[in-house]
Amino acid sequence: MMDRVFISRSMAKHGVNIDEVLTCRGSVMQSSASLQPIDTGGWSVFGSVWGSDDGRNAAGHLLLRGNGLRAWNGWPTDERPGNQRPSWIDTADQAEQREIAGQVQVQVLEDGPFPPV
């Protein structure tokens, strides 16, 4: 499970101003979907925990989709990793799947739509 104290301290150590707010899931969902500035109900960072199976492959990995307003919260707009998803799904060749997955991983690490913690 994600340790909020560790993450808060790590972010502060790297120069991020932290205003840690503990709240209910409904409030997180409402504010994380907001495009408003922070002072009017928006957000800049929120923590979320994903199981290992959620990110195991390109077919179901929500955070790889960079399709703007239809993407995961934060609205990444680089569709290159997501555009490789159909190729990954369509091939039955495991070597080709590994090659495509490697390309997606490199692109995600370069673009940084989410930090792998």
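Right above here is the structure, for reference.
Let us look at the structure shown here. Every chain is numbered independently, its residues counted from 1 as its sequence is written. Only residues with pLDDT of at least 70 are given local features in this predicted model, and only at 80 or more are side-chain atom pairs given and counted; all residues enter the totals for whole chains, interfaces and linings. Where side-chain values are given, they derive from all heavy atoms of the structure, hydrogens and water being excluded.

### Some remarks on the overall build of the protein chain
Link 1 in the chain: Of regular secondary structure, the protein chain possesses five helices and zero strands.
Link 2 in the chain: Think of it this way: any DSSP run of H or I at least four residues long counts as a helix, any run of E at least two long counts as a strand, and we number them from the N terminus. Secondary structure elements of the protein chain occur, N-terminal to C-terminal, as α-α-α-α-α.
Link 3 in the chain: Residue exposure (1.4 Å probe, protein chains only): buried if accessible area is under 20% of the type maximum, exposed if over 50%, otherwise partly exposed. Across the 117 residues of the protein chain, 22% fall into the buried class.
Link 4 in the chain: Taking the intrachain contacts of the protein chain between residues at least 6 apart in sequence as the baseline, contacts between residues at least 24 apart amount to 39%.
Link 5 in the chain: By element, 53% of the accessible surface of the protein chain is carried by carbon and sulfur atoms, the whole surface being about 8,700 Å². Pairs of residues are marked as contacts when any of their non-hydrogen atoms sit within 4.5 Å. For every accessible area listed, the method is Shrake-Rupley and the probe measures 1.4 Å; residues are considered covered only by the protein chains on display.

### A short note on the nonpolar core
Link 1 in the chain: Membership of the largest hydrophobic core is limited to five residues, which are Leu64, Trp88, Ile100, Val104 and Val108.
Link 2 in the chain: Considering every element that reaches this core, the biggest residue donor is helix 5 (residues 94–111), with three residues. By nonpolar core we mean a set of buried residues, namely Ala, Val, Leu, Ile, Met, Phe, Trp, Tyr and Cys, connected to one another through side-chain atoms within 4.5 Å.

### Some remarks on the side chain of Gln97
Link 1 in the chain: Mapping Gln97 onto the fold places it in helix 5.
Link 2 in the chain: A distance of 3.3 Å separates the side chain of Gln97 from the backbone oxygen of Thr91, its partner in a polar contact.
Link 3 in the chain: Excluding residues that lie within four positions of it along the chain, Gln97 makes contacts with Trp88 and Thr91. For this analysis, a polar contact is any N or O atom pair within 3.5 Å, provided that within protein one partner can donate a hydrogen and the other can accept it, and provided that sequence-adjacent residues contribute only side-chain to side-chain pairs.

### Here's the deal with the side chain of Ser8
Link 1 in the chain: Relative to the helices and strands, Ser8 is located in helix 1 (residues 4–13).
Link 2 in the chain: Taking relative accessible area as the criterion, Ser8 reaches 15% and is therefore assigned buried.
Link 3 in the chain: Setting aside residues up to four positions removed in sequence, Ser8 forms contacts with Ile18 and Glu20.

All we've got here are geometric facts, nothing functional implied.
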